[in-house]
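What follows is each chain in one-letter form.
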Amino acid sequence: MPLNMAGCTTDCVEKPISICFQKFGRFVGTYPWWFFISPLLISAVLGSGFYFLEDREANDIEDQFTPVNGPAKLERQFVQQNFPQNDSVFSNQRLYTDGVYASFIAVSRSSNILTDAAFQEIVTLHRKVKELNVSMGHEVLTFEGLCARRYKKCIPNKILDIYKYYGNNLETTELTFPFFRFGFSYIFLGYSVGGVNINSSVIKSAKAVRLFYFLKEDNRSRTDLWLNEFLKVFPSNLSLNFIKVTHSTSLSRQVEFEANTKDVIPLFSITYVIAIAFSILSCLRFDCVRNKAWVATFGVFSAGLAVLSSFGMMLHIGVPFVMTVANSPFLILGIGVDDMFILISCWQQTSVHDRVETRLSNTYKEAAISITITTLTDVLAFYIGLMTPFRSVRSFCLYTSTSILFCYIYSITFFGAFLVLNGRRENSNKHWLTCKEVPEECPVGQSKWYELCCVGGAYDPHTGREEVQPMNHFFKKYYGPFLTKSWTKVFVIVLYCIYLIISIYGCFQIQEGIDLRNLAADDSYVVKYYDNEKAYFSEYGPNIMVVIRREFPYWDEKYMSDLETCIEDFKNLSFIEKDIFTSWIKSYKHYGYHTKLNLSTEDVFKDNLGTFLRFYSDFKQDVNFTNNSIYASRFFIQTVNISTALDEMNMLNNLRETAQKCPVPLLVYHPAFIYHDQYAVIVSNTIQNIGVTTAVMLLISLLLIPNPLCSLWVTFSIASVIVGVTGFMALWDVNLDTISMIILVVCIGFSVDFSAHISYAFVSNKKPSANEKAVEALFSLGYPILQGAVSTILGVVVLSASKNYIFRTFFKIMFLVIFFGLFHGLTFIPVFLTFFDMCSGTPAKNKSGPEEQDMKNRHTNNIQSKAKDGELKVWEIYDNHTFQPDNHRTCQSQPCSAIWMITGNNHHVQDNQMCMASTIPMFRVDSQTYEVHMYTPSDDGMLRVTCPSKQCSEVQNCLLGNSNHIQESNVPTPNGSDLSIL
């Protein structure tokens, strides 16, 4: 027996909201000019906030794209406090920041750069760099005046010293790698010579040479001037025959990142033109009165006002404007246009004969819940995104959520008011362009062109509504019935399984973290530099400092044994070079051995430490030896083969795990860890945001969609789309980083949009079967959803042409979100809903016997009538009603086989009598011609039909209406054979 799910509805929230919006729609329809002008004035006032745009820009990469209070930032603070830099003895190995520098990489055009010809060109460039100068007021800033120094000399590039010493013989000199003994010291060539071909530690050939020019950090304004001059003039127009050069500075990444905003401004203009063009084309009608071209234009304009108002308000408040926020207008445009199409669709379902305020009232009643659900889900998804530790994500979410709120407000005020104004024009049958009144019917003798351009105001005479658009017919007559066929459903299920398998596979292929090179444009000089750096200098990675962060008895052999064990654990890591290890304690013990000091006692250890540190000034920067106590110290280990984001993540995690396992209190640090910290939080934070947002979406769906089971389907759609987007974005070479994390949160909102529209339409329509509900839902909202999806994709498609990774990533993920969300909304969800007719808000029919059950299972209702000769004749009536045999007698009288009755709902049948609502037509079918003769009972009258046949001559059969008295009807009385249906 079918379940009656009528009690399983949750419209206690949905119904009051619909009523409130219905009243609000009437209010807007009564005073449209107030609601049309007010948003314009509000936007003008709030838009003045753009005056502060330059002051609010916050594009510092470290501040915006690294976790707030990340572990590396706390580690850097500890290092900075305990190991301050000594500018007189500069050591880039001991920097706690990236440093201030300029650099260039020379790549040989041949197989070997270690030639005299190549080095002559390198030396020429080197000389040009050292001769660079820039004026600052009356002062001339030169490299010699700004360079970082060691023993009062600028930090040299040792490879040039080697070339200067060997000259033409460099090519035949046996340079060992990575260390080369030069004079009385060993020089590390791992950062200077790249792409090496080695035989027994001797370099046979090398492909590239890298030079650094370090500057002092004490006055950044002076050094920044010189670095900017370096970027302007380097490389020069020198003719380089043997080498190719790429260059960069410590400022380059930041400068190139900030330059990306210039790339998006023209794209935004193109997007609005595309959106307006698409909206107008979608709303064009071959009726010069019903044409919605102006409605579409003002719908897009409404979204623009929302961006202006929200951004202006945020800038007035003082919210930082990060470059990621520049993606937001593209998103808002799609959302605003989506709401516009929904409202237009509902407006077209209202009667053209009603007053405009009534039409808007009914429009809001039907559309309010749908656009409210999508707005709430989108806004809450972005507000939940504020929990992320990335400031760039926070700014994006704050700007975008506020924009969506304004977009929603302006849709039901500004846009709704324009619908009313446009409706008044239509009621007057005025031309959409000239506003001149035109005839409803084409005068005799006029051409087709005249009829097309100068005749309008047509509507469906049967429904009183605007004529249904071809695409709506497509969804009802073709796509809907096709989708609800049994074999199509099987195919859809198989297709979904394939989609899910590929998506899950992709989820396991995803890479984490943002490559810093991607913060610059594709054609940027710094990208070429990073490419060469990765190609030729990735063998030796960052030199990591391991810090003993508390007082420690270095003289105690037992404790030192624990420390030595930890050092060995570090050296045993796969990415650590065992033979490259810098330690002050190792050198101090070597010093003690040669000076015959017993360093196993505390007094001797501390008394001689000061003398040792004065001789070895580098190590003095590695020990915080204050007031005869060692508060902290550090040593260094060398990483190798760190070239990918996965390598960086594994390096950071393994180093920190090794430090935590050590009984000695240790921390590991390198300036690059500030950026690598994203790996520690990106996955957990993404899962947290998605989990919380999905739970909130489920709650909203339960409250606003009047059926809990369908709310679960909406939640299922969210999870399914997220899995699909995550998996396919990995297969599309998009990493899980701060940019994609933002869009995955957006993904939740948009997946709700499509599924909520269809689910709500499915639940709220009154069709008797699940298949018919699915078709009706697609007929009502299939085309608006398709329009909204296409408009959103068009809103971001221009970003695919951007030269910037951030904008291209935004396009890729948004495309996946919209495409999969649309596919779920128009294909998967309608099919899945048909499997669960419990989502119906209409009570199921009770079984009355095998004859009725047989009629229920038919696609059309069979109406049977017995002729006088006993022959059974069948007519098919294509309507959504159930026809019952005459054993349900309309009156307490003897049965009359010639009379059949039609019911719209089982609740109308009580005590073997049927109350027929006045709105249900009654008719008879001529047995010869099969013509249908329609009759409509009066609202307060009773219809009584006399059966003249002998079989029921003594009985008067009646249909009970609204009156309490039986009255004679004026309906013609047919004979027994003709009277088939009433």
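For the structure, see preceding data.
Notes on the structure follow. (Residues numbered from 1 in each chain as written. Predicted model: local features only at pLDDT ≥ 70, side-chain atom pairs only at ≥ 80, totals over all residues. Heavy atoms only, no water.)

**Brief notes about the nonpolar core**
Piece 1. With 189 residues, the main nonpolar core has Tyr554, Trp584, Leu655 and Leu666 as its most contacted residues.
Piece 2. Ranked by residue count, the leading element in this core is helix α30 (residues 805–834), at 18 residues.
Piece 3. Formed by 48 residues, the second largest nonpolar core is a distinct cluster that contains Leu146, Leu175, Phe177 and Trp226. (Core = buried A, V, L, I, M, F, W, Y, C linked by side-chain atoms within 4.5 Å. Buried < 20%, exposed > 50% of the residue type's maximum accessible area, 1.4 Å probe, protein only. Helix = DSSP H or I, 4+ residues; strand = E, 2+ residues; numbered from the N terminus.)

**Thoughts on unusual backbone geometry**
With glycine set apart, most residues show a phi of negative sign, and most peptide bonds adopt trans.
Piece 1. Pro178 follows Phe177 through a cis peptide bond whose omega is 10°.
Piece 2. Looking at the element boundaries, Pro178 is found in the loop between α8 (158–166) and β6 (179–182).
Piece 3. One non-glycine residue, Cys435, lies in positive phi territory at about 60°.
Piece 4. Here Cys435 is to be found in the loop between α15 (391–427) and α16 (448–454).

**Examining the environment of Thr809**
Piece 1. Mapped onto the elements of the fold, Thr809 is located in helix α30.
Piece 2. Residues Thr809 and Ile743 lie 66 residues apart in sequence; the distance between their C-alpha atoms is 9.1 Å.
Piece 3. With residues near it in sequence (within four places) discarded, Thr809 still touches Val734 and Ile739. (Contact = heavy atoms within 4.5 Å.)

**Some remarks on the pairing of β6**
Piece 1. Residue alternation in β6 divides its side chains into a buried set, Phe180 and Phe182, and an unburied set, Phe179 and Arg181.
Piece 2. In this structure, β6 lies alongside strand β7 (residues 185–188), joined through four bridges in antiparallel fashion. Note that in β7 the partner of Phe180 across the bridge is Ile187.
Piece 3. Turn length for the β6-β7 hairpin, with the two strands adjacent in sequence and antiparallel, is two residues, and the turn residue Gly183 shows positive phi of about 70°. (Pairing = 2+ DSSP bridges.)

**Some points on the environment of Met314**
Piece 1. Summarising the element assignment, Met314 is placed in helix α12 (residues 293–317).
Piece 2. By relative accessible area, Met314 is classed as buried at 5%.
Piece 3. In the structure, Met314 is positioned 268 residues away from Leu46 in sequence and 9.0 Å away in space, judged by C-alpha atoms.
Piece 4. Once you skip the residues sitting within four places of it in the chain, Met314 turns out to touch Val319, Leu398, Tyr399 and Thr402.

**What about a nonpolar patch on the surface?**
Piece 1. There is a patch of nonpolar side chains on the surface, built from Val490, Val494, Ile498, Ile502, Tyr505 and Leu731 and spanning about 530 Å² of accessible area.
Piece 2. The leading source of residues in the nonpolar patch is helix α18 (residues 486–507), at five residues.
Piece 3. Along the chain, the position of Ile498 falls in helix α18.
Piece 4. Of the residues examined, Ile498 reaches a relative accessible area of 44% and is grouped as partly exposed. (Patch = residues over 30% accessible without salt bridge, like charges linked within 9 Å, V, L, I, M, F, W, Y side chains within 5 Å. Areas by Shrake-Rupley, 256 points an atom, 1.4 Å probe, with all protein chains shown as cover. Salt bridge = Lys/Arg side-chain N within 4 Å of Asp/Glu carboxyl O.)

**A short note on the pattern of salt bridges**
Piece 1. Counted under the stated rule, the structure contains 22 salt bridges.
Piece 2. Ionic pairing is found between Asp63 and Arg391, a salt bridge with its closest N-O pair at 2.8 Å. Placement of Asp63 in helix α4 (residues 61–65) and of Arg391 in helix α15 is noted, with a sequence separation of 328 residues between them.
Piece 3. Given a relative accessible area of 28%, Asp63 falls into the partly exposed group.
Piece 4. Its salt-bridge partner being Glu466, residue Arg359 comes within 3.2 Å of it at the nearest N-O pair. Remark: Glu466 occurs in the loop between α16 and α17 (470–483) and Arg359 occurs in helix α14 (residues 356–384); sequence separation between them is 107 residues.
Piece 5. Exposure remark for Glu466: the relative accessible area of 5% places this residue in the buried category.

**Some words on the packing of helix α10 (residues 252–259) against helix α19 (residues 525–536)**
Piece 1. It is at 9 Å that the axes of α10 and α19 come closest, and there the two elements cross at 135°. Taken together, α10 and α19 sit at an angle that is classed as oblique. Two packed elements cross with a definite hand, and for α10 against α19 that hand is left-handed. Residues Ser252, Arg253 and Glu256 of α10 touch α19, and the partners they reach there are Tyr525, Val526 and Tyr530.
Piece 2. By residue class, the composition of the contact of α10 with α19 is three nonpolar, one polar and two charged. (Axes fitted to C-alpha atoms, helices over the stretch in contact; angles between N-to-C directions. Parallel < 35°, antiparallel > 145°, perpendicular 65-115°, else oblique. Left-handed = near helix turned anticlockwise from the far one by under 90°. Nonpolar A, V, L, I, M, F, W, Y, C, P; charged D, E, K, R; others polar.)

**A look at the packing of aromatic side chains**
Piece 1. Scanning the model with the defined rule gives 77 aromatic pairs in all.
Piece 2. With a centroid separation of 5.9 Å and an interplanar angle of 50°, the aromatic rings of Phe36 and Phe298 are classed as tilted. Within this pair, whereas Phe36 is found in helix α2 (residues 32–46), its partner Phe298 is found in helix α12, the two being separated by 262 residues in sequence.
Piece 3. When its relative accessible area of 11% is taken as the criterion, Phe36 is described as buried.
Piece 4. A centroid spacing of 5.9 Å and a plane angle of 65° characterise the contact between Phe177 and Tyr540, whose relative ring orientation is edge-to-face. Pair noted here: Phe177 is in the loop between α8 and β6 and Tyr540 is in strand β13 (residues 540–548), with a separation of 363 residues, a long-range link.
Piece 5. Among the aromatic residues, ring-to-ring pairing joins Tyr496, Tyr499, Phe716, Phe728, Trp732, Phe811, Phe815, Phe819, Phe820, Phe823, Phe828 and Phe832 into one connected group.
Piece 6. The side chain of Lys571 reaches across the aromatic face of Phe581, ending 4.4 Å from its centre. (Phe/Tyr/Trp six-rings, centres within 6.5 Å; stacked < 30°, edge-to-face > 60°. Lys NZ or Arg CZ within 6 Å of the ring centre and 35° of its normal.)

**A short note on the side chain of Asn685**
Piece 1. As for its position among the elements, Asn685 is in helix α26 (residues 678–704).
Piece 2. By relative accessible area, which is 9% here, Asn685 ends up buried.
Piece 3. Side chain to side chain, Asn685 and Thr388 meet in a polar contact 3.2 Å long.
Piece 4. Apart from residues no more than four positions distant in its own chain, Asn685 is found in contact with Met387, Thr388, Pro389 and Met741. (Polar contact = N/O pair within 3.5 Å; in protein donor to acceptor, adjacent residues only side chain to side chain.)

**Description of the sheet that holds strand β8 (residues 193–194)**
Piece 1. The strand order across the open sheet built from four strands is β8-β11-β1-β12, with neighbouring strands paired in antiparallel fashion. Two strands close off the open sheet at either side, each with one partner strand: β8 and β12 (243–249).
Piece 2. As paired elements, β8 and strand β11 (residues 208–215) share two bridges and run antiparallel to each other. Residue Gly194 lies in a different strand from β11, and its bridge partner there is Ala208.
Piece 3. Where helix α6 (residues 116–130) meets the sheet, it contacts β1 (100–108), β11 and β12, and its direction lies at approximately 15° from that of β11.

**Quick notes on the state of the cysteines**
Piece 1. By the definition in use, this model includes two disulfides.
Piece 2. Disulfide pairing is shown between Cys147 and Cys154; the S-S distance is 1.8 Å. Note on the Cys147 and Cys154 pair: the S-S dihedral is about -65°, so by sign convention the disulfide is left-handed.
Piece 3. Since its relative accessible area comes to 0%, Cys147 is described here as buried.
Piece 4. Paired through a disulfide, Cys566 and Cys662 show a sulfur-sulfur distance of 1.9 Å. Residues Cys566 and Cys662 are joined by a disulfide whose S-S torsion is about 95°; by sign, that bridge is right-handed. Within this pair, whereas Cys566 is found in helix α20 (residues 557–571), its partner Cys662 is found in the loop between α24 (645–661) and β17 (666–669), the two being separated by 96 residues in sequence.
Piece 5. What makes Cys662 buried here is its relative accessible area of 9%. (Disulfide = S-S within 2.5 Å.)

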